[in-house]
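Chain and residue survey
Take a look at the letters that make up each chain.
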Amino acid sequence: MPWDDLRKGRFSEAGRAYHVTTVVADRRPVFRDLWLGRILVGQMMRLQDEGAVDSLAFVIMPDHLHWLMILQAGSELSEAIRRLKGRSARILAERTGHRPFWQRAFYDHAVRGEEDLRAIARYIVANPLRGGLVERIGEYSLWDAIWM
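Residues numbered from 1 in each chain as written. Predicted model: local features only at pLDDT ≥ 70, side-chain atom pairs only at ≥ 80, totals over all residues. Heavy atoms only, no water.

All right, on to the packing of aromatic side chains then. Taken as a whole and assessed by the stated rule, the structure comprises three aromatic pairs. Ring geometry for phenylalanine 31 versus phenylalanine 101: centroids 6.0 Å apart, planes at 70°, classification edge-to-face. Of this pair, phenylalanine 31 sits in the loop between β1 (17-23) and α1 (34-49) while phenylalanine 101 sits in the loop between α2 (77-96) and β4 (107-110), and the two are 70 residues apart along the sequence. Judged by its relative accessible area of 2%, phenylalanine 31 is buried. According to the relative accessible area criterion, phenylalanine 101 is buried, its value standing at 3%. Ring pairing ties together the aromatic residues Phe31, Phe101 and Trp102, which thus form one cluster. Against the face of tyrosine 123 rests arginine 130, its NZ or CZ located 4.0 Å from the ring centre. (Phe/Tyr/Trp six-rings, centres within 6.5 Å; stacked < 30°, edge-to-face > 60°. Helix = DSSP H or I, 4+ residues; strand = E, 2+ residues; numbered from the N terminus. Buried < 20%, exposed > 50% of the residue type's maximum accessible area, 1.4 Å probe, protein only. Lys NZ or Arg CZ within 6 Å of the ring centre and 35° of its normal.)

Have a look at this one:
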């Protein structure tokens with residue numbers, strides 16, 4: 001399924017948790033550079049400070065982002081991710097020379113009421129372990145979760 005098809009029929013609901021995944025164009029592993037990853041974290045926290053989202057957990061892998069968040073009132077998921085990708089791309093493309101910086105679309109999963117947010121957060125945070133990047137999550141710098 002092409003990424004653009006993922007946007008068709010997308011509905012966002014304030015107060016709902018979403019697990020969002022977005023990928024660097026050509027899957028370039030730019031976030032192996034900790035400082036580039038910290039730039040992305042700063043833009044994620046900017047969205048939270050603006051009241052668009054409430055961040056629950058994230059991990060920035062070398063070539064993609066997994067983010068569990070709650071969409072806040074007055075926010076649309078597509079618009080929040082557009083702002084994140086647009087703002088971060090301007091800074092990151094300038095530093096890396098990679099254009100376009102992000103793949104065009106993103107994947108999202110609206111968390112259903114019966115799903116356990118902590119279990120989803122653990123799954124997200126454990127990505128560097130499953131990917132063989134580290135042996136203990138404490139060895140990886142680009143993650144956070146409100147419960148851990």
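Bringing helix α3 (residues 117-125) into the picture now. Given 3.6 residues to a turn, an α-helix orients residues that are three or four positions apart in the same direction. Among all positions in α3, only Ile120, Ala121, Ile124 and Val125 are buried. Taken around the axis of α3, the buried residues stretch over an arc of 130°, which confines them to a single face. If you follow the buried residues of α3, they end up packed against β1, β2 (53-61), β3 (64-71), α4 (127-130) and β5 (143-145). You can read the cap of α3 off the contacts: a side-chain oxygen lies 3.0 Å from the backbone nitrogen of arginine 118, and it is on aspartate 116. (Arc of directions from axis to C-beta. Contact = heavy atoms within 4.5 Å. Polar contact = N/O pair within 3.5 Å; in protein donor to acceptor, adjacent residues only side chain to side chain.)

This part is about the sheet that holds β3. Taken in spatial order, the five strands make up an open sheet running β4-β1-β3-β2-β5, and their pairing is antiparallel. If you trace the sheet from one side to the other, it starts and ends with β4 and β5, each paired once. Each strand of the sheet is rotated relative to its neighbour by a mean of 20°, with strand direction disregarded. With three bridges joining them, β2 and β5 adopt antiparallel strand pairing. Note that in β5 the partner of alanine 57 across the bridge is alanine 145. (Pairing = 2+ DSSP bridges. Axes fitted to C-alpha atoms, helices over the stretch in contact; angles between N-to-C directions.)

What follows deals with unusual backbone geometry. The phi angle of most residues is negative, glycine excepted, and most peptide bonds adopt the trans form. A cis geometry characterises the amide bond from arginine 99 onward to proline 100, with omega recorded as -5°. Relative to the elements of secondary structure, proline 100 occurs in the loop between α2 and β4. Unusually for a residue other than glycine, aspartate 26 sits at a positive phi of about 60°. Here aspartate 26 is to be found in the loop between β1 and α1.

Across its 16 residues, α1 extends 22 Å between first and last C-alpha, which sits within 8% of the 22 Å expected from 1.5 Å per residue. The complete set of buried residues in α1 reads Leu36, Gly37, Ile39, Leu40, Val41, Gln43, Met44 and Leu47. Against the buried residues of α1 lie β2, β3 and α2. Sitting at the amino-terminal end of α1 is aspartate 33, which places a side-chain oxygen 2.9 Å from the backbone nitrogen of tryptophan 35. Where α1 ends, the next residue or the one after it, glycine 51, has phi of about 85°, a positive value. (Expected span 1.5 Å × (residues − 1).)

For the rest of this paragraph, the subject is the side chain of arginine 87. Relative to the assigned elements, arginine 87 resides in helix α2. Excluding anything up to four places from it in sequence, arginine 87 contacts Gln43, Arg46, Leu47 and Glu50.

On to the confidence of the model for the protein chain, then. The predicted model of the protein chain averages 93 in pLDDT, with 93% of residues at 70 or higher. Confidence drops under pLDDT 50 across residues 1-7; counting only partners more than four residues distant or on other chains, this segment forms 11 contacts. (pLDDT = per-residue confidence, 0-100.)

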